[in-house]
Amino acid sequence: MPLIRYSRGPRAALCLVALLAGLSVVGHVQAQSTYPQKPVRLIVPFAPGGASDILARTLGQKLSETTGQSFVIENKPGAGGTLGAELVAKSAADGYTLLLADVAVHTIAPKLYPKLGYTQEQLLPVINLATFAHILITAPASTLKSFADVLAQDKAKPGRFSVASSGNGTSTHLTIEMVNMTAATQLAHVPYKGGGAAITDVMGGQVDMMFIGTPPAMPLIQSGKLKALAVTTTKRM
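Residues numbered from 1 in each chain as written. Predicted model: local features only at pLDDT ≥ 70, side-chain atom pairs only at ≥ 80, totals over all residues. Heavy atoms only, no water.

**Student:** Got a minute to help me understand the overall build of the protein chain in this structure?
**Tutor:** For the protein chain, the helix and strand inventory stands at nine helices and ten strands. Buried residues in the protein chain amount to 48% of all 237 residues. Within the protein chain, contacts between residues at least 6 apart in sequence are counted, and of these 75% link residues at least 24 apart. Accessible surface, the protein chain as shown: approximately 11,500 Å² in total, 57% of it carbon and sulfur. (Helix = DSSP H or I, 4+ residues; strand = E, 2+ residues; numbered from the N terminus. Buried < 20%, exposed > 50% of the residue type's maximum accessible area, 1.4 Å probe, protein only. Contact = heavy atoms within 4.5 Å. Areas by Shrake-Rupley, 256 points an atom, 1.4 Å probe, with all protein chains shown as cover.)

**Student:** Can you help me understand the pattern of salt bridges in this one?
**Tutor:** Should their charged atoms come close, side chains of opposite charge can pair. Applying the stated criterion across every chain, the model contains five salt bridges. Residue Arg 41 is joined to Glu 74 by a salt bridge in which the shortest nitrogen-to-oxygen separation is 2.9 Å. Here the residue Arg 41 occupies a position in strand E2 (residues 40-44), and Glu 74 occupies one in strand E3 (residues 71-75), the gap between them amounting to 33 residues. Residue classification places Arg 41 among the partly exposed positions, given a relative accessible area of 30%. Notably, a salt bridge pairs Glu 65 with Lys 62, separated by 3.7 Å at the nearest N-O pair. With Glu 65 and Lys 62 both in helix H3 (residues 51-67) and three residues apart, the pair spans about one turn of that helix. Taking relative accessible area as the criterion, Lys 62 reaches 40% and is therefore assigned partly exposed. (Salt bridge = Lys/Arg side-chain N within 4 Å of Asp/Glu carboxyl O.)

**Student:** So what exactly am I meant to see when it comes to the side chain of Thr 138 here?
**Tutor:** Residue placement: Thr 138 occurs in strand E6 (residues 134-138). Given the relative accessible area of 2%, Thr 138 is considered buried. At a separation of 3.5 Å, a polar atom in the side chain of Thr 138 contacts the side chain of Ser 142. In this structure Thr 138 touches Val 202, Asp 208, Met 209, Leu 226, Lys 227 and Leu 229, once residues within four positions along its chain are discounted. (Polar contact = N/O pair within 3.5 Å; in protein donor to acceptor, adjacent residues only side chain to side chain.)

**Student:** Just checking my understanding: could you explain the pairing of strand E4 (residues 97-100) for this structure?
**Tutor:** A regular strand places its side chains so that they alternate between the two faces of the sheet. By the alternation rule, side chains of E4 split into Thr 97 and Leu 99 and Leu 98 and Leu 100, which are all buried. By the bridge criterion, three bridges tie E2 to E4 in an arrangement that is parallel. Counted as the bridge partner of Leu 42 is Leu 98 from E4. (Pairing = 2+ DSSP bridges.)

**Student:** Teacher, can you tell me more about the pairing of strand E8 (residues 188-191) here?
**Tutor:** Inspection of the sheet shows strand E7 (residues 162-165) paired to E8 by four bridges, in the parallel sense. From the neighbouring strand, Val 163 faces E8, where its bridge partner is His 189. Between the parallel pair E7 and E8, the chain is carried across by helix H7 (residues 171-183), and the sense of this crossover is right-handed. (Right-handed = clockwise from strand over helix to strand, strands pointing away.)

**Student:** Quick question: what am I supposed to make of unusual backbone geometry here?
**Tutor:** Note the cis peptide between Tyr 35 and Pro 36, where omega equals 0°. Considering the arrangement of structural elements, one finds Pro 36 in the loop between helix H2 (26-32) and E2. A positive phi angle is found at Ala 79, which is not glycine, with a value near 55°. Within the secondary structure, Ala 79 is located in the loop between E3 and helix H4 (82-89). On the accessibility criterion, Ala 79 (47% relative accessible area) is partly exposed. Non-glycine residue Ala 184 carries a positive phi angle of around 60°.

**Student:** Would you mind showing me how to read the sheet that holds strand E10 (residues 227-231) here?
**Tutor:** What links the strands of a sheet is backbone hydrogen bonding, and the strands pair in either a parallel or an antiparallel sense. As summarised here, the arrangement of the five strands in space is E8-E7-E9-E6-E10, forming an open sheet in which the pairing is mixed. Looking at strand neighbours, the two that pair on one side only are E8 and E10, the edges of this open sheet. Direction aside, neighbouring strands of the sheet carry axes that sit 30° apart on average. Alignment of E6 against E10, held across four bridges, turns out to be antiparallel. For Ile 137, the partnering residue across the bridge sits in E10 and is Ala 228. Here helix H9 (residues 214-222) sits on the sheet in contact with E6, strand E9 (209-213) and E10, set at roughly 120° to E9. (Axes fitted to C-alpha atoms, helices over the stretch in contact; angles between N-to-C directions.)

Below, the structure is given as structure tokens:
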């Protein structure tokens, strides 16, 4: 999940990398740079409650403490994250509008949509913040106990299961489609504007399952509010 900002010059980007990579040496970083001199907007192109939102708020709080400037989190959901990305791409290239985007915004969307409001070249990668697996979750009351159950029941009645994602063209959406292709399932995709609302509907039984990143899922799994069926890693987590 890279943090990306719109810029054609590297100065502010290098400053941000220094801040992120050296939070324990704040005095040294501040002595080497005057950035930031005013509040910074950190755009999350998805609705509150998902993995990107949780990571952004954790990061924003730490950066505010470190730099003495406010890092303001703004959720701009829609169109699989591309609306927020377009906002950042069209902002001033001064390092004060940043985008916390997952792979969908910077890599997948430009390949899927021929007419985006931005190009890959307009978004300068600053740092890769996190890499995590997707977890297939369902409600605790679900009769499903494993991914093998999903495969068996879908084979018996193709298309019976609805599976939520954080939006069309997102990595969670592509995970669903990859499962359908490789396992010959017919999981029905239900797109949302972010992971938060989708998780709520999965817990309530409105949607059967969901692929979601680990940050929002793990506390709910550990508390028994969600049930994990599978992970997308090659090894057990």
